[in-house]
Amino acid sequence: MVYKNLMRLLSILLLFSFNAAEANQPIDWQLGFQSAASKSMKDIVIFHDYMLLPIITAITVFVLFLVLYACVKFRASNNKVASQTSHNTMIEIAWTLVPCLILIVMAVPSFKVLYSQDKIPPAEVTVKAIGYQWYWGYEYPDENIIFDSYMIEEKDLKPGQPRLLAVDNEVVVPVNKVVKVLITANDVLHAWALPSFGVKRDAVPGRINETWFKADRTGTFYGQCSELCGIKHAFMPITVRVVTEEEYKDWLLEAKEKFAKEEIQNELKIVKKNIKGIIK
Ligand SMILES: [Cu+2]
């Protein structure tokens, strides 16, 4: 009976992890990571699956064994006279050194992954993300493009658009190109995070953080603000659409007209002038 239940639990767990591997967004009852779409994320998944998970499992099983062993071996009914042992130098050295060694073994690949994320290769596309309460603003500094990206309300969702994750204006980037993301905020702390790319950076007012990713497949990827930033923190999602080189060029042509930075700034100036005129 116990064996049957255990197998059932295992199969459910496996099912969840396969499901998660298919999606570029969180799914119901998900366990584990979202599917990796960049080398950084693949490194993180390998580090987690083949190093952290086995170590955690081994430690948990070992401690469980010790607890059970102590419960049975040293139970009161079997030990009428309690043992007076209070020290064992060998054991004390071992339980200090072994965890140290485990930490050192873990640290080496961990730093490797960390530094590979930190070192930004020459960027082919640069995107600036600015966190606002409660939406993201984007700029393509080299392309004279600027736009805001708001979450789509539940009642306005089209089929296929995930609730709380889809936005009106998506970030569009080409596949297999190094994208540098400059991240800042205009009011409070936010964080730009996209699980499939293994990217998460704080957006700090008055400071520009940077990160990068190189998406290795096309698709629409979803992330969320990951720093508690106020009442609508949960409603400022991030959507990145990874497209082919040609599609990206087409989008650029379109976006340069639709989101032209100078035009928007000129319009703002006109509005400001008009307001001043009205006030006068
Ligand atoms: Cu936020």
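Residues numbered from 1 in each chain as written. Predicted model: local features only at pLDDT ≥ 70, side-chain atom pairs only at ≥ 80, totals over all residues.

1. Quick notes on the overall build of the protein
Applied cut-off: Only DSSP runs of H or I reaching four residues or more are called helices, and only runs of E reaching two or more are called strands; each is numbered from the N terminus. With C-alpha atoms as the basis for the radius of gyration, the globule rule is written as 2.2 Å multiplied by the number of residues raised to the power 0.38. Backbone-placed C-beta atoms define the burial measure: a residue is buried with 20 or more other C-beta atoms within 10 Å of its own, exposed with 12 or fewer, and partly exposed in between. By the convention adopted here, residues make contact when the C-beta atoms placed from their backbones lie within 7 Å.
Secondary structure assignment for the protein yields five helices and ten strands. By the compact-globule yardstick of 19 Å for 280 residues, the protein is too spread out, its C-alpha radius of gyration being 26 Å. Along the three orthogonal principal directions, the C-alpha set of the protein runs to about 95 × 40 × 40 Å. Per-residue burial for the protein yields a buried fraction of 21% across its 280 residues. Put simply, 64% of the contacts in the protein that link residues at least 6 apart link residues at least 24 apart.

2. Considering the sheet that holds strand β9 (residues 219-225)
Operational definition: Two strands make a pair as long as DSSP finds a minimum of two bridges between them. Only the stretch in contact is used when a helix axis is fitted, and all axes are lines through C-alpha atoms; the angle between N-to-C directions ranges over 0 to 180 degrees.
Spatially, five strands are ordered β4-β10-β9-β6-β7 in an open sheet, and the strand pairing comes out mixed. Only two strands of the sheet have a single partner each, and these edge strands are β4 (171-174) and β7 (199-203). Averaged over all adjacent pairs, the angle separating strand axes in this sheet is 25 degrees, with direction ignored. Sheet topology note: the strand β6 (residues 190-194)/β7 ladder contains five bridges and is antiparallel. Bridged to Leu-194 within β7 is Val-199. Along the sheet face, helix α4 (residues 245-258) touches β4 and β10 (237-243) and points at about 140 degrees away from the line of β4.

3. Observations concerning the nonpolar core
Worth spelling out the cut-off: Think of a nonpolar core as buried Ala, Val, Leu, Ile, Met, Phe, Trp, Tyr and Cys residues chained together by C-beta atoms that fall within 7 Å. What fixes the domain bounds is an automatic or database domain assignment.
Core analysis: the biggest nonpolar cluster contains 41 residues, and Val-127, Ala-129, Val-173, Trp-192 and Phe-197 have the highest contact counts within it. Counting contributing residues per domain, this core is built from domain 1 (32-76 + 88-119) and domain 2 (125-268), each supplying no fewer than three. In contact with Val-173, other than residues within four places in its own chain, are Val-125, Val-127, Val-179, Ala-215, Val-240 and Val-242.

4. Section: the pairing of strand β1 (residues 125-132)
Examined bridge by bridge, β1 and strand β5 (residues 179-185) share seven bridges and lie parallel to one another. Counted as the bridge partner of Thr-126 is Lys-180 from β5. Two elements, β1 and strand β2 (residues 135-140), share five bridges in a ladder whose sense is antiparallel. Note that in β2 the partner of Ile-130 across the bridge is Gly-137.

5. A short note on the sheet that holds β5
If you walk across this open sheet you meet the five strands as β3-β2-β1-β5-β8, and the pairing is mixed. What marks the edges here is a single partner per strand, and that holds for β3 (145-149) and β8 (209-213). Ignoring strand direction, the axes of neighbouring strands in this sheet form an average angle of 25 degrees.

6. Thoughts on unusual backbone geometry
With an omega dihedral of 0 degrees, the bond running from Gln-133 to Trp-134 counts as a cis peptide bond. Within the fold, Trp-134 resides in the loop between β1 and β2. For Trp-29, which is not glycine, the phi dihedral falls at a positive 60 degrees. Position of Trp-29 relative to the elements: it lies in the loop between α1 (2-22) and α2 (39-73). Taking the C-beta count within 10 Å as the criterion, Trp-29 has 9 such neighbours and is therefore assigned exposed. Not every positive phi belongs to a glycine, and Asn-176 is a case in point at roughly 60 degrees.

7. A few points about the pairing of β2
Counting the residues that bridge the hairpin from β1 to β2 gives two residues. Between β2 and β3, which pair antiparallel in sequence order, lie four residues; one of them, Asn-144, sits at a positive phi of approximately 60 degrees.

8. Side note on the packing of α2 against helix α3 (residues 89-118)
Helix packing for two helices is described by the angle between their axes and how far apart those axes are. The condition that has to hold: An angle counts as roughly parallel when it lies under 35 degrees, as roughly antiparallel when it exceeds 145, as roughly perpendicular when it falls between 65 and 115, and as oblique in every other case. Amino acids are sorted into nonpolar (Ala, Val, Leu, Ile, Met, Phe, Trp, Tyr, Cys and Pro), charged (Asp, Glu, Lys and Arg) and polar (every other residue, Gly among them).
Orientation of α2 relative to α3, taken along the N-to-C sense of each, is 170 degrees, at an axis distance of 10 Å. Judged by the inter-axis angle, α2 sits roughly antiparallel to α3. Of the residues in α3, those in contact with Ser-40, Asp-43, Ile-44, Phe-47, Met-51 and Ile-55 of α2 are Ile-102, Met-106, Pro-109, Ser-110, Val-113, Ser-116 and Gln-117. Of the residues that constitute the contact of α2 with α3, the class distribution is eight nonpolar, four polar and one charged.

9. Some points on the domain arrangement of the protein
Segmenting the protein into domains produces domain 1 (32-76 + 88-119) and domain 2 (125-268). For domain 1 and domain 2, the distance between their C-alpha centres works out to 35 Å. Taken together, the contact pairs eleven residues of domain 1 with ten residues of domain 2. The element best represented in the side of domain 1 that touches domain 2 is α2, accounting for four residues.

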